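Survey of secondary and tertiary structure
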Amino acid sequence: MKGFANRINSVEEYYFSAKLREVNQMMAEGKPVINLGIGSPDLAPDRAVIDALKNTAENPKAHGYQSYQGIPELRVAMAEFYSREYGVSLNPQNEILPLIGSKEGILHISMAFLNPGDQVLIPNPGYPTYSSVTKLLEAEPVFYHLDLEKKGRPNFEELETWDLSKVKLMWINYPHMPTGASGSTQILKELIDFAKRHQIILVNDNPYSHILNPEPLSIFKVEGGKDVALELNSLSKTFNMPGWRIGMLCGRADWVEAVLKIKSNMDSGMFLGLQKGAIAALNLGKSWFKDQNQEYSNRRNLIWKLADQLNLSYDKNSTGLFVWCKTPEGKSPEELVDWLLYEKNIFITPGKIFGSEGNQYVRFSLCMPEFKILEAINRIKS
Ligand SMILES: Cc1ncc(COP(=O)(O)O)c(C=O)c1O
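Computed from a predicted model, the values in this text were never measured in an experiment. (Residues numbered from 1 in each chain as written. Predicted model: local features only at pLDDT ≥ 70, side-chain atom pairs only at ≥ 80, totals over all residues. Heavy atoms only, no water.)

**Brief notes about the environment of Ile-8**
- For Ile-8, the location among the structural elements is in the segment before helix H1 (15–28).
- Separated by 295 residues in the primary sequence, Ile-8 and Ile-303 have C-alpha atoms spaced 37 Å apart. (Helix = DSSP H or I, 4+ residues; strand = E, 2+ residues; numbered from the N terminus.)

**Considering the pairing of strand S13 (residues 361–365)**
- Counting buried residues in S13 gives 5 out of 5 residues, a clear majority hidden from the surface.
- Side-chain alternation along S13 places Tyr-361, Arg-363 and Ser-365 on one buried face and Val-362 and Phe-364 on a second face that is also buried.
- In terms of strand pairing, strand S10 (residues 322–326) meets S13 through 5 bridges, oriented antiparallel. Looking across to S13, one finds that Cys-325 is bridged to Val-362.
- Where strand S12 (residues 349–350) lies against S13, 2 bridges are found, and the strand directions are antiparallel. Following the sheet pairing, Pro-350 is matched in S13 by Val-362. (Buried < 20%, exposed > 50% of the residue type's maximum accessible area, 1.4 Å probe, protein only. Pairing = 2+ DSSP bridges.)

**Focus on the side chain of Thr-129**
- Relative to the helices and strands, Thr-129 is located in helix H5 (residues 128–136).
- Discounting residues that sit within four places of it in the chain, Thr-129 has contacts with Tyr-14, Lys-103 and Ile-106. (Contact = heavy atoms within 4.5 Å.)

**Points about the pattern of salt bridges**
- Going through the model one piece at a time under the given rule, you end up with 17 salt bridges.
- We note a salt bridge from Arg-153 to Glu-157, for which the minimum N-O separation is 2.9 Å.
- The shortest N-O distance in the salt bridge between Asp-267 and Lys-263 comes to 3.0 Å.
- Since its relative accessible area comes to 16%, Asp-267 is described here as buried.
- Linked by salt bridges that have partners in common, Asp-42, Glu-295 and Arg-299 make up one network. (Salt bridge = Lys/Arg side-chain N within 4 Å of Asp/Glu carboxyl O.)

See the structure below:
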């Protein structure tokens, strides 16, 4: 055996992949762990979605390979979703590519645009996959800071003083995971100007746009967005379908085609039943979002209570599926995480896994029913 590829040393196993093994082991031993760590929606998809999947599975003709670009009907449903929800017009023929979750899109986009040695601007804190994929491709992550007092605005004044000549891509994400910073049209405008000036491709990773966010935004709604940006979107959080693995890449046809060139060499089209279920989800009306957000809002109120009990500070104006909490000066977030897990059987995420700017923070997910959060509150009281 002549050894693994060098790239394997550039990354570690994804935090949750390893940590959830431990949490699952604790549960197998009978420990009643309340998982407030991972953002995997526990709520069910709509009935129409499940029926579409079931009915398609009954069709003997539904089980063959599918088109690499998804069925036309799915791309049309995605285009209509963009039109209805963001006021953005996309051509379903060539400006939309269905994905097996947006996470795979991060890899495919990076493979389509990055050469070894290229630099990539990545938010700190941020979704760890941006930097791990960058490193796997022998490109270099360059981390930028977000101003949480200003809805997560990057510090453009500082960025402009950097040598950006090797920067090819910039990842952005609003509502931002993990901080919940909402972003704004003004910030997207500044980002588009910045990207134009420095010839950087912006990628707006947009999976949380409909979660506790009064104003869902797409970068394409902002003038010039289509010239410089791609956008990832996902059904995972919006429609409670994380295990279905359905996302989409949107943007200008030549860039989407480049990503398809990579992707079509690695995987094939999704099972037809998943595509039909996705269409049913994308066609859901406003009441879907209203009900879902009411539930998340109730849960968030309880998480705020839990955070108060633990003397943590947080921003009540934040958006998205998580509550991002700062630990008091001198208190170690890791000690808190361990104490909660091993003494109280409550799992939360240490902020440091999202980057050095997360060192003083912990993250609570809203993916547990109210009675479980109440139970967590009671466990801490005792
Ligand atoms: C910021 C961000 N982007 C992308 C993803 C991946 O989502 P998907 O399920 O569509 O692959 C996640 C999942 O947690 C995320 O938090």
